[in-house]
Amino acid sequence: MNQKKNTVLIIEDEPPIRKVLNISLESAGYKIVECDNGREGKRLAASVGPDIVLLDLGLPDIDGKQVIASIREWSQVPIIVCSVRNADDEIIKALAAGADDYVIKPFNPDVLLARIHANLRKAATQEAGEPEISNGAIRMDLVRHEVFLNGVKTVFTPKEYELLRYFLVHRGKMLTHKQILKDVWGHAHTEDMQYLRVYVRQLREKIEADPSGPCYIITEPGIGYRMESLPEPEQPVLIRQKESVGAGA
Ligand code: CA
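Source: prediction; values computed, not measured.

**A word on the overall build of the chain**
Tallying secondary structure elements over the chain gives nine helices and twelve strands in all. Principal-axis analysis of the C-alpha atoms places the extent of the chain at approximately 70 × 60 × 30 Å. Out of the 249 residues in the chain, the part that is buried amounts to 43%. Considering only residue pairs separated by 6 or more positions, the chain has 55% of its internal contacts joining residues 24 or more positions apart. With an accessible surface of roughly 13500 Å², the chain has 52% of that area assigned to carbon and sulfur atoms. If the 32 positive side-chain charges of the chain are averaged to one point and the 36 negative ones to another, these points end up 2 Å apart.

Dropping the structure here:
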């Protein structure tokens, strides 16, 4: 399914451990990017933009703590250290370098999955102030990357999801075309207005009752867009079952 999955970057030099991680993470619905050394890990952290990093400390080229320090220069992506090193001193140093969590090998895959979920939840909460955002009939689960429209789970492509999340996080604010393009597509795309138009149209077709008369994503002519803050829709009136049972019998 073409839904935005959480991407896990695994930096680990032991193939059997990567294999175990692959099996348990894939079955839990994560997308995996992996490598076996620190330099490649730093490069992938920048080029892939993972949602979370699992990092071994004993790597063949550089120490994992250097990888943490290097990623922390520019990113707050959650980093979970998975290491055989169990000395307090080593754990403290890794946390001081900027790791979010520390799991000692050998680890229970279920415990690791729970830690991953907890760290993703914390990261999503830091970004939006809450792990879920609601606006009108839209509810977005920032941890699971799921969107519900009137309570019905609806599939969005990864880029549609990112754009919708951006609008939801900044709801109520006027956003310029350039600002949206820079934040959602990246610095190289601030002039690519047609991307934005295409994706706004796709989003409107999914979330608006009338895509040509939108009430969520409003066009600000010559400037950009604004997502209106809308109240939760009223609950549908329940059919009074007692009456129909009596009448039909
Ligand atoms: Ca190792």
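From this point, the narrative continues.
**What about the coordination of the calcium ion?**
Coordination sphere of the calcium ion, protein contribution only: Asp 13 (OD), Asp 56 (OD) and Gly 58 (O), at 2.2 to 2.4 Å. Written as a sequence motif, the donor residues of the calcium ion are D-x42-D-x1-G.

**Let's talk about the nonpolar core**
Counting 45 residues, the largest nonpolar core has Leu 54 and Phe 167 as the members making the most contacts within it. Structurally, this core is a two-domain feature, drawing no fewer than three residues from each of domain 1 (7-127) and domain 2 (132-248). Ignoring any residue separated from it by four or fewer positions in sequence, one finds Leu 54 in contact with Val 8, Leu 9, Ile 10, Ile 11, Leu 21, Leu 25, Ile 80, Cys 82, Leu 112 and Ile 116. The next biggest cluster of nonpolar side chains, apart from the first, holds 21 residues, and it includes Ile 11, Val 33, Val 77 and Ile 91.

**So, the pairing of strand β4 (residues 79-83)**
Most of β4 is tucked away, with five of its five residues classed as buried. Across the two faces of β4 the burial is the same, with Ile 79, Val 81 and Ser 83 and Ile 80 and Cys 82 all buried. Strand direction decides the pairing type here: strand β3 (residues 52-55) and β4, joined by three bridges, are parallel. Bridge pairing links Val 53 to Ile 79 in β4. You can see the chain leave β3, run along helix α3 (residues 64-72) and come back into β4, and the turn it takes is right-handed. The sheet contact formed by β4 and strand β5 (residues 101-104) spans four bridges and is parallel. Within β5, the residue paired with Cys 82 across the bridge is Val 103. Once you follow β4 into helix α4 (residues 88-97) and on to β5, the crossover reads as right-handed.

**What to know about the domain arrangement of the chain**
You can read the domains of the chain as domain 1 (7-127) and domain 2 (132-248). Measuring from the centre of the C-alpha atoms in domain 1 to the corresponding centre in domain 2 gives 32 Å. Contact residues are listed per partner, giving six residues for domain 1 and five residues for domain 2. A combined buried area of about 480 Å² lies between domain 1 and domain 2, and 62% of that area is made up of carbon and sulfur atoms. On the surface where domain 1 and domain 2 come into contact, there are zero salt bridges.

**Re the environment of Ser 24**
Looking at the element boundaries, Ser 24 is found in helix α1 (residues 15-27). According to the relative accessible area criterion, Ser 24 is buried, its value standing at 14%. Apart from residues no more than four positions distant in its own chain, Ser 24 is found in contact with Pro 109 and Leu 113.

So, how was this worked out
- Residues numbered from 1 in each chain as written.
- Predicted model: local features only at pLDDT ≥ 70, side-chain atom pairs only at ≥ 80, totals over all residues.
- Heavy atoms only, no water.
- Helix = DSSP H or I, 4+ residues; strand = E, 2+ residues; numbered from the N terminus.
- Buried < 20%, exposed > 50% of the residue type's maximum accessible area, 1.4 Å probe, protein only.
- Contact = heavy atoms within 4.5 Å.
- Areas by Shrake-Rupley, 256 points an atom, 1.4 Å probe, with all protein chains shown as cover.
- Lys, Arg positive; Asp, Glu negative; His and termini not counted.
- Charge placed at Lys NZ, Arg CZ, Asp CG, Glu CD.
- Donors = N, O, S within 2.8 Å, 3.2 Å for Na, K, Ca; no water.
- Core = buried A, V, L, I, M, F, W, Y, C linked by side-chain atoms within 4.5 Å.
- Domains from an automatic or database assignment.
- Pairing = 2+ DSSP bridges.
- Right-handed = clockwise from strand over helix to strand, strands pointing away.
- Buried area = accessible area lost by both parts, 1.4 Å probe.
- Salt bridge = Lys/Arg side-chain N within 4 Å of Asp/Glu carboxyl O.

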